[in-house]
Every structure is written in C-alpha cells, then in structure tokens.
Amino acid sequence: IGILYERGTQRFDTIHRDAAARIARAAKAAGADRLVHMSALGASETSQSRYAWSKAAGETAVRDAYPNAVILRPSVVFGPHDNFFNLFAALARLSPVLPVFGCPPPSFKDGAIDIYGDGGGKFQPVYAGDVADALMKGVSDASTNGQTYELGGPTVYSYQALMNLILTATDRRCLLAPTPYFVASLQAFFLQFLPKPLLTPDQVTLLRSDNVVSGKTPTLADLGIAANSAEVILPTYLDKYQRGGR
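Because the structure is a prediction, the values reported are computed rather than measured.

Thresholds applied
- Residues numbered from 1 in each chain as written.
- Predicted model: local features only at pLDDT ≥ 70, side-chain atom pairs only at ≥ 80, totals over all residues.
- Heavy atoms only, no water.
- Disulfide = S-S within 2.5 Å.
- Salt bridge = Lys/Arg side-chain N within 4 Å of Asp/Glu carboxyl O.
- Helix = DSSP H or I, 4+ residues; strand = E, 2+ residues; numbered from the N terminus.
- Buried < 20%, exposed > 50% of the residue type's maximum accessible area, 1.4 Å probe, protein only.
- Pairing = 2+ DSSP bridges.
- Axes fitted to C-alpha atoms, helices over the stretch in contact; angles between N-to-C directions.
- Contact = heavy atoms within 4.5 Å.

**Here we look at the state of the cysteines**
Part 1: Overall, the coordinates contain zero disulfides when judged by the stated rule.
Part 2: Counting only cysteine sulfurs, C174 is the nearest neighbor of C103, a cysteine outside any disulfide, at a range of 16 Å.

As structure tokens, then:
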C-alpha cells in the first residue's frame, strides 16, 4: 500500500508508517509464518523528502512489530501499467517537449555548450516481474528472514537516457529540455494542485538523490534472480503509444 502524493486524510506517515505497523502487528498476532514488507529504494529517516522519510519509518515500525520481516526496497518499478514510463510516453504523444530533471546550468565543454551535464538524476529501474519473484522468495525462503534487499535493474540510467528509451520504444521525436532542480521546484509548486499531480515539491526533493542500489545491501542477485533490462521489456508495452498504436 503506498501513495506518491498526499490528499486529504491520505498522508505519507499514515499510509507508509502507521498502516504498515498495523499490518505487521496483526501478522504477528495471527501467528503468520512470513511477512514481506514493500518499502522503497532511497528510504531514509534523515531524508528531506516526506515520502522517503515515511518509507523508512515504516520499515522501523514493521521491524519493531515483526523482527523477522523481509524488507524489499525497489527502485522505479516498470511494467505494463507502471506510473513512470507510461506517463512520459503519454506526454510524448501530446507534447513536443520532455523534461530532463536535474541538469546543471549550461557550461562550455570541449569547445561547445553543454546543456545536459551527466544527464540529470540517476535511476536503476526494476521490472515488476523481478520484484514479484523477489516477493515470492521472501515468502518461501527462510534464509531471507530479517533481511533487507535493494532491488534494482541491471543498468543505471540518467534521466536523459530514460527519456531517450521512451522515445525509442514509442518511435517519437521530442525536444529534451534540461530542467534544473530550481526550475522543477517552480513547476511543482503549481502542478501539485492538480487532481493527480504530475510533479510535487516532495518529488523534486526526492529527485535530488540518485535512486540506485547502494552496494551495501543484498540485491536481486543474492536472491538468485537475473534482472530483466528495460530495453527488452519496454517495447512490449510502450508500442501502444506509437502513431497508430500497436
């Protein structure tokens, strides 16, 4: 159970911390043999992002109630109904411009103007099927007791590279607009008031930190799972955004 933005009584701490704690206590009271808790990569109780903070607080609450719980921290999850690649593929169908968040101010490099830097923030998107396999390992394999796993795909991409992946899979052309964080913050201030916000100030805060595995925590490989690449999976469901559809 999770939310990407707050509305009314749907608050980050209520959903990600309190609800997770209630489920863990109920599982313990019922004598459940296994509990697998879905957190998020980048969860941290020192994060300035309320989303990331509440995810970390949820992990602590779950551990307090059910010490042997298995915790999974996926990066951006992609699959046929995801909320990331589908969103930008739909935007590419409507807009001639896609953003590249996290680019630095323009600078001169090798005698030319560099407007993208290293391509913005970094992500390690993970296929939903691989996350499902990790969940099943957590349910069935006792060696995962009390462990925390960071789930990332086989490749680390810049934001610019992800936008290019989308354009390739949808066979579309768009201008990739370098968008520094201060510009994204300004956009988010207004977009947060939409019924379903495209961007919020908290999400901009989250974007400031790369969403990649740390190398200090077990991963999909430690679960015996070979991660699928975005290049293989994305064309199987983003083709519906091509001109004329699939």
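**Quick notes on the pattern of salt bridges**
Part 1: All told, the structure shown has seven salt bridges when counted by the stated rule.
Part 2: As a salt-bridge pair, D13 and R17 come within 3.8 Å of each other at their nearest N and O atoms. Placement of both D13 and R17 in helix 1 (residues 12-30) is noted, with a separation of four residues, approximately one turn of the helix.
Part 3: Judged by relative accessible area, D13 falls into the partly exposed class, the value being 23%.
Part 4: The class of R17 is partly exposed, set by a relative accessible area of 26%.
Part 5: The salt bridge partner of K122 is D118, with a shortest N-O separation of 3.2 Å.
Part 6: On the accessibility criterion, K122 (19% relative accessible area) is buried.
Part 7: Here the salt bridges share partners, and the residues they tie into one network are E6, R11 and R50.

**Brief notes about the sheet that holds strand 9 (residues 148-151)**
Part 1: The strand order across the open sheet built from three strands is 1-2-9, with neighbouring strands paired in parallel fashion. Of all the strands in the sheet, just strand 1 (36-38) and strand 9 have a single pairing partner and so form its edges. Each adjacent strand pair in this sheet contributes to an overall mean axis angle of 20°, direction not counted.
Part 2: Sheet analysis places strand 2 (residues 70-74) next to strand 9, joined by four bridges and oriented parallel. Note on strand 9: the bridge partner recorded for R73 is E150.
Part 3: Seen against the sheet, helix 4 (residues 128-140) touches strand 1, strand 2 and strand 9 and runs at an angle of roughly 150° to strand 1.

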